[in-house]
Structure formats: structure tokens, C-alpha cells
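Here is what each chain is made of, one letter per residue.
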Amino acid sequence: MQVIYNLLSNSTKFSDIGGVIKVITYLDGNNFVFEINNHGRCIDAKHKNSLFKLFYQCSPSPRENYEGAGIGLALCKKIVMMHGGNIDFSSCKEDGTTFIFNLPINTHNVVIK
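Quick summary incoming for the structure in this document. (Residues numbered from 1 in each chain as written. Predicted model: local features only at pLDDT ≥ 70, side-chain atom pairs only at ≥ 80, totals over all residues. Heavy atoms only, no water.)

Time to look at the pairing of strand β3 (residues 86-92). Strand direction decides the pairing type here: β3 and strand β4 (residues 96-104), joined by seven bridges, are antiparallel. When the bridges of β4 are listed, Ile87 appears paired with Phe101. The hairpin turn running from β3 into β4, its antiparallel successor, is three residues long. (Pairing = 2+ DSSP bridges. Helix = DSSP H or I, 4+ residues; strand = E, 2+ residues; numbered from the N terminus.)

What follows deals with the packing of helix α1 (residues 2-14) against helix α2 (residues 72-82). Where α1 meets α2, the axes come as close as 9 Å, and the angle between the chain directions of the two elements is 150 degrees. Judged on the interaxial angle alone, α2 and α1 are roughly antiparallel. As α1 packs across α2, the resulting crossing turns out to be left-handed. Across from Gln2, Val3, Asn6, Leu7 and Asn10 in α1, the residues of α2 making contact are Gly72, Leu73, Leu75, Cys76, Ile79 and Val80. (Axes fitted to C-alpha atoms, helices over the stretch in contact; angles between N-to-C directions. Parallel < 35°, antiparallel > 145°, perpendicular 65-115°, else oblique. Left-handed = near helix turned anticlockwise from the far one by under 90°. Contact = heavy atoms within 4.5 Å.)

Summarising burial for strand β2 (residues 31-38): six of the eight residues are buried, a large majority. Where strand β1 (residues 21-28) and β2 come together, eight bridges link them in antiparallel fashion. Counterpart to Ile21 in the pairing with β2 is Asn38. Turn length for the β1-β2 hairpin, with the two strands adjacent in sequence and antiparallel, is two residues, and the turn residue Gly29 shows positive phi of about 65 degrees. One ladder, built from eight bridges, connects β2 with β4; its direction is antiparallel. If you follow Glu35 over to β4, its bridge partner there is Ile100. (Buried < 20%, exposed > 50% of the residue type's maximum accessible area, 1.4 Å probe, protein only.)

Below, the structure is given as C-alpha cells:
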């Protein structure tokens, strides 16, 4: 829940007014996949290796100031990895920014009736 909350919060914060946020979930083999997409500002590829680091924030310009301590995405990565999953993002002007994470399905504890 914390990962979804953080990603939705970021999508809202960085989307344009009136923008659309899409949440897509699906099964991919033994993984449950979440995609959260917004059509706000894009994240430059130069931030790819740093975006999930603790206290890292990428600001498109010195004039823009966003609230936050830079721990949300680092926390998301930690939680997802602790559950055996992965998290990443893609970003471009045409498609906006999409954060995608997957969590493995633990079928050992599932009871099917």
C-alpha cells in the first residue's frame, strides 16, 4: 500500500493541472505488475541511476520547488525489493512518465477453493 500511495502521490504532484493518471495492474507469469502513468513533466534520462537513491530529487529548473524530502522513491524501491520484486520507470514527452513495479506471487500460501 505504501508503494502505491507514494507513486500516486508523486504522479499527482508532478502532473499538469487536468492531467490524467492511469493505474494498470496485470499478471505476468508469477508476478503481479503495477504500472502508474502520468502525463506531467518528463524525467530526464540523466536521472535514471539516481532517482531511487535516498534524498535524491531531480528538479527541472531552479524556479520549480516541490515539497518532499526525497525519500519516497527510495522507500518504494526498498519495500519492493524486500518482497522480491523490481521497480523501474520510463519517461518521454509522448507517453509521460510510467513507474512500473512487480511483486512475485507466493503460491505456497494460497488456498484455492
